[in-house]
Amino acid sequence: MTNATTRRRAGVSGVIALAWSLASASGAAAFEGRYVGGVKSKATKEYSQSLDIKRRANGDFRVEAVVGTPDCTGVFDGVGAVVGDALAATQKEDNETCTLTIRRTKKGVSVEEDSRCLYFHGASCEFSGDYRKK
């Protein structure tokens with residue numbers, strides 16, 4: 001293989017790596033923003049959910065979620081990263097751990113909490129649900 005061929009292959013590899021990193025960065029940035037969820041009805045009284053996602057200087061994300069009903073309040077303040085098409089954020093407190101998996105939707109994001117999050121919000125509310133961009 002000649003030096004020119006080696007340089008050409010290295011150049012193509014560099015362009016591919018740059019394109020991949022830019023695509024990943026722009027996809028990750030799409031998670032940033034403020035979101036709201038929840039419903040108001042006679043049956044559920046008032047159920048509110050809010051979500052704030054901010055990208056940090058090191059490339060990961062800070063995720064703050066607040067959920068509430070007249071009988072329940074929950075707060076999540078965790079950090080996470082984008083893996084594939086999802087942002088996974090974790091909060092640890094008092095030997096308890098909660099992880100939220102966040103995926104983009106057409107109108108905002110969808111949040112799914114793991115089974116260990118009860119400690120962070122109680123039995124009458126949850127972080128899971130669909131949130132729309134605020």
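Residues numbered from 1 in each chain as written. Predicted model: local features only at pLDDT ≥ 70, side-chain atom pairs only at ≥ 80, totals over all residues. Heavy atoms only, no water.

Engineer: An account of the overall build of the protein is requested, with residue identities and associated values reported.
Structural biologist: Tallying secondary structure elements over the protein gives 2 helices and 8 strands in all. Of the regular secondary structure in the protein, the N- to C-terminal order runs α-β-β-β-β-β-β-β-α-β. Buried residues in the protein amount to 33% of all 134 residues. Sequence separation of at least 24 residues holds for 38% of the intrachain contacts in the protein that already meet a minimum separation of 6. Total accessible area computed for the protein in this model is approximately 8500 Å², and 54% of it derives from carbon and sulfur atoms. (Helix = DSSP H or I, 4+ residues; strand = E, 2+ residues; numbered from the N terminus. Buried < 20%, exposed > 50% of the residue type's maximum accessible area, 1.4 Å probe, protein only. Contact = heavy atoms within 4.5 Å. Areas by Shrake-Rupley, 256 points an atom, 1.4 Å probe, with all protein chains shown as cover.)

Engineer: Tell me what's going on with the pairing of strand E7 (residues 108-113), and back it up with residues and numbers.
Structural biologist: Looking at chain direction, strand E6 (residues 96-104) and E7 are connected through 5 bridges and run antiparallel. Within E7, the position partnered with Ile102 by the bridge is Val111. Between E6 and the antiparallel strand that follows it, E7, lie 3 residues. Judged from the 4 bridges that link them, E7 and strand E8 (residues 129-133) form a sheet pairing that is antiparallel. Each residue of the ladder has a partner; that of Val111, found in E8, is Gly129. (Pairing = 2+ DSSP bridges.)

Engineer: Describe the environment of Arg55, listing the residues and the values that go with them.
Structural biologist: Within the secondary structure, Arg55 sits in strand E2 (residues 45-55). Residue classification places Arg55 among the partly exposed residues on the basis of a relative accessible area of 32%. Considering only alpha carbons, one finds Arg55 and Gly33, 22 residues apart in sequence, at a separation of 9.2 Å.

Engineer: Report on the packing of aromatic side chains, specifying residues and quantitative values.
Structural biologist: A full pass over the atoms with the stated rule returns 2 aromatic pairs. Arranged with centres 6.0 Å apart and planes meeting at 65 degrees, the rings of Phe76 and Phe127 form a pair that is edge-to-face. Of the two residues, Phe76 sits in strand E4 (residues 72-83) while Phe127 sits in the loop between helix H2 (118-121) and E8, which places them 51 residues apart along the sequence. Exposure remark for Phe76: the relative accessible area of 1% places this residue in the buried category. Measuring from ring centre to ring centre gives 5.2 Å for Tyr119 and Phe120, while their planes differ by 85 degrees; the resulting arrangement is edge-to-face. Note on Tyr119: relative accessible area 40%, which makes it partly exposed. Looking at Arg104, its charged tip hangs above the ring of Phe31, at a distance of 4.6 Å from the centre. (Phe/Tyr/Trp six-rings, centres within 6.5 Å; stacked < 30°, edge-to-face > 60°. Lys NZ or Arg CZ within 6 Å of the ring centre and 35° of its normal.)

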